[in-house]
Structures are given as C-alpha cells and as structure tokens.
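The lines below spell out each chain.
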Amino acid sequence: MKTQFAHDLRMARKKAGFRQCDLAHLLACHQSILSTLERGKQRPSLEQIIELSLIYGRSFESLFAEVMAERKRHLRRRLKTLRDPRKRKAQTFNRQRSLQRLRERLEQPDEYGGA
C-alpha cells in the first residue's frame, strides 16, 4: 500500500540527509515504526505528523489529501444508510438542512486537491 505520503516522507528524510535511526530517535520510536511509515503500511499519529512537520519544515499535504478522500468516501457511504427519526422533535428541527449541507461539503473538492 504505497502512498504519496509514504513516498514524500522517505524523500524528505533522504533530502535532509537523515538516516531512519536518526528520525526514530527524534520521534522516540523504534526504527521499524519509521520503516512502516515510509512503506505506507501505517499512518503516523497526530503527534508524529506534527513532529515530522517540525523536523522537515513542511506540512505533508499528501497525507491530508489521502485521509480527506478516504473520510469523504466513508461519510458518503454512512450518509446513504442514515435513517430518518420516527418522530420530529424540536432538537431535530435543523437536521435535514444540516444533512444537506454535509452532502454538499462531501461533493466539493477539498483544499488539498482530493474529491
């Protein structure tokens, strides 16, 4: 499961002249974790993303694009199977409009270039 993010991560490390063991030390993880990140077998944690961004001075938009596209697909599937409540209540008054706005947001391309 090679991803653009995994490729970007590996290239950023090589461009910076770091070894995997250097990054593993900075991230306080085992080198095998870094290897799985660079092969696209695992996603970094939020903390690791932030630390990698600080280390390399970049934001890794490719990861966000991949995650955004995946989450949009997931929400589209879940939205199709959402049931209507049996009774309308005051607290669900805006529900239909909110669901419509969600559908519209899911159809818009996001800022990272994903659909």
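This text follows the structure it describes.
Residues numbered from 1 in each chain as written. Predicted model: local features only at pLDDT ≥ 70, side-chain atom pairs only at ≥ 80, totals over all residues. Heavy atoms only, no water.

Participant: So what exactly am I meant to see when it comes to the packing of aromatic side chains here?
Facilitator: Working definition: an aromatic ring pair is given by the centre-to-centre distance plus the angle between the planes. As enumerated under the stated definition, the model contains 3 aromatic pairs in all. Seen in terms of ring centroids, Tyr56 and Phe60 are 6.0 Å apart; in terms of plane orientation they differ by 75°. Their pairing is edge-to-face. In this structure, Tyr56 and Phe60 share a single accessibility class: buried. Linked through ring pairs, Phe5, Phe18, Tyr56 and Phe60 together constitute an aromatic cluster. (Phe/Tyr/Trp six-rings, centres within 6.5 Å; stacked < 30°, edge-to-face > 60°. Buried < 20%, exposed > 50% of the residue type's maximum accessible area, 1.4 Å probe, protein only.)

Participant: What is the right way to look at unusual backbone geometry in this model?
Facilitator: Comment: phi is negative for the bulk of residues other than glycine, and the bulk of peptide bonds are trans. Of note, the phi angle at Ala28 is positive, near 55°, even though the residue is not glycine. Its place among the elements puts Ala28 in the loop between α2 (20–27) and α3 (31–38). Here Ala28 falls in the exposed class, since its relative accessible area comes to 73%. A positive phi is found at Phe60, a non-glycine position, where the angle reads about 55°. (Helix = DSSP H or I, 4+ residues; strand = E, 2+ residues; numbered from the N terminus.)

Participant: Could you clarify how one ought to interpret a nonpolar patch on the surface in this entry?
Facilitator: Together, Leu46, Ile50 and Leu54 make up an exposed nonpolar region whose accessible area comes to about 350 Å². In this fold, Leu46 is placed in helix α4 (residues 46–56). We classify Leu46 as exposed; its relative accessible area is 57%. (Patch = residues over 30% accessible without salt bridge, like charges linked within 9 Å, V, L, I, M, F, W, Y side chains within 5 Å. Areas by Shrake-Rupley, 256 points an atom, 1.4 Å probe, with all protein chains shown as cover. Salt bridge = Lys/Arg side-chain N within 4 Å of Asp/Glu carboxyl O.)

Participant: Hey, could you run me through the state of the cysteines in this one?
Facilitator: Within this structure, the stated rule accounts for 0 disulfides. The cysteine Cys21 is free of any disulfide, with Cys29 supplying the nearest cysteine sulfur at 11 Å. Cys21 sits in the partly exposed class, given a relative accessible area of 33%. (Disulfide = S-S within 2.5 Å.)

Worth remembering: the numbers are spatial, not functional.
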